[in-house]
Amino acid sequence: MKRIIKFAFVLITVLACAEIVKAEVRYHCANDSARVLTLLSNISQSDSYGDRIVSAAKALEGIPYSQAADNDSVGTLVIRLDSLNQREFIYIALAAAKTAELTTPTLRDFEKNLENVSRRKGVDEGFASQFLYGSDWIVDNVYRGNLKEMTEYLDGGSYRTKTLDYVSRHSDQFPAMTDPEVADKVKVMEFGYRSHRIPHLKKQSISNKAVKELLQNGDIILLSPMDNDFDIYDIGIVSIENGEPTLIHIPREKGVVAMDSYPLPRLFKIEGQYFYGYRWLRPIE
């Protein structure tokens, strides 16, 4: 199995939860609504958006990695906090930080913010509305004002062209793709990412003083994989620790959400053989 498709983790046994339906959003476990409220209570309303994102990310530490909960025949949003994949971790941290700004945050507020950041145009319409590629997520959320692409604002950047059509070429891995209507919608989306120019910064630039000084709490770093089928090798949230930018993500050696053991420059040297560059995103409140 390719390293980029899934992490080679030691199997982590977690309590199986029966899926339940709450309002218009699916909760993976009955306890997940309580977990969301606990998450929100751990975030200070007075903090900046970036600081709230870091607080949310740190509150999620220790949660194990899993495959996507919404990769089923339905494909609508599933809220789960017993285990997460890379994109679910980012979505939940951003949605929790946005929700925690409110004086009296509710589950419904969280659900709406999660839908907004994790579905195309901010509307959950099943599998075809999911962001199946990092580039799709970035383009849509930049357009709607949720993200700012910092990658193109610095000198020394470059582009790599990729055609993103893995899902339609491997439809047997995605149960919802058995529906012809869903499959057609996915192919239409993928058509927009043929020969897509993906910006990136060179790995070495992460050690530049100018970059380190511009990085802020809550920024998102996306590592661009060597594999031409994909546009995400890893993704995480920046936390400035003792003046050093450090990534909160799902380290492969740990298999759980955690702050990396090394600052970003050291992490890039260790993992550098698996990615050719990185994208830098800043969440916008």
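Let me begin by describing the structure that accompanies this report. (Residues numbered from 1 in each chain as written. Predicted model: local features only at pLDDT ≥ 70, side-chain atom pairs only at ≥ 80, totals over all residues. Heavy atoms only, no water.)

1. Brief notes about the packing of aromatic side chains
Which entries qualify depends on this criterion: Under the pairing criterion, centres of Phe, Tyr and Trp rings, with the six-membered ring standing for Trp, must be within 6.5 Å; the plane angle then separates stacked pairs below 30 degrees from edge-to-face pairs above 60, leaving the rest tilted. In this description a helix means any DSSP run of H or I spanning at least four residues, a strand means any run of E spanning at least two, and both kinds are numbered starting from the N terminus. Buried, partly exposed and exposed residues are distinguished by accessible area as a fraction of the type maximum, computed with a 1.4 Å probe on protein chains only: under 20%, between the cut-offs, and over 50%, respectively.
Scanning all chains against the criterion turns up seven aromatic pairs. Aromatic side chains Tyr166 and Phe230 sit 4.7 Å apart centroid to centroid with 40° between the ring planes, which places their arrangement in the tilted category. Of this pair, Tyr166 sits in helix α6 (residues 166-169) while Phe230 is found in the loop between β7 (220-225) and β8 (234-241), placing the two residues 64 residues apart along the sequence. Across this residue pair, the class does not change: Tyr166 and Phe230 are buried. With 5.2 Å between their ring centres and 65° between their planes, Phe268 and Tyr278 make a pair best called edge-to-face. Pair noted here: Phe268 is in helix α9 (residues 264-271) and Tyr278 is in strand β11 (residues 275-283), with a separation of 10 residues, a long-range link. Exposure class is identical for Phe268 and Tyr278. Each is buried. Feature note: the residues Tyr233, Phe268, Tyr274, Phe275 and Tyr278 constitute an aromatic cluster, connected by ring pairs.

2. What about the pattern of salt bridges?
Where charged atoms from two side chains of opposite charge come close, those side chains can pair. Using the following cut-off: One side-chain nitrogen of Lys or Arg within 4 Å of one carboxyl oxygen of Asp or Glu is enough to make a salt bridge.
Applying the stated criterion to the full structure yields 19 salt bridges. A salt bridge links Asp32 to Arg35; its shortest N-O distance comes to 2.9 Å. Pair noted here: Asp32 and Arg35 are both in helix α1 (residues 32-41), with a separation of three residues, about one helical turn. Looking at Asp32, the relative accessible area reads 0%, which means it is buried. Bridged by salt links that share partners, the residues Asp70, Arg87, Arg119 and Asp124 form one connected network.

3. Some remarks on unusual backbone geometry
In this structure, Lys121 takes a positive phi of about 60° despite not being glycine. For Lys121, the position within the fold is in the loop between α4 (107-118) and α5 (134-143).

4. Topic: the nonpolar core
Rules: Residues belong to one nonpolar core when they are buried, are Ala, Val, Leu, Ile, Met, Phe, Trp, Tyr or Cys, and are joined through side-chain atoms within 4.5 Å. The criterion used for residue contact is that any of the two residues' heavy atoms lie within 4.5 Å.
In terms of nonpolar packing, the biggest core is built from 45 residues, with Leu60, Phe89, Phe110, Leu114 and Trp137 touching the most fellow members. Put simply, the parts of the chain that give this core at least two residues each are β2 (25-27), α1, α2 (49-59), α3 (86-99), α4, α5, β7 and β8. Among the elements that make up this core, the one with the highest residue count is α3 (nine residues). With near-sequence residues (within four places) excluded, Trp137 lies in contact with Ile90, Tyr91, Leu94, Val117, Phe131, Leu147, Ile220, Ile235 and Leu281.

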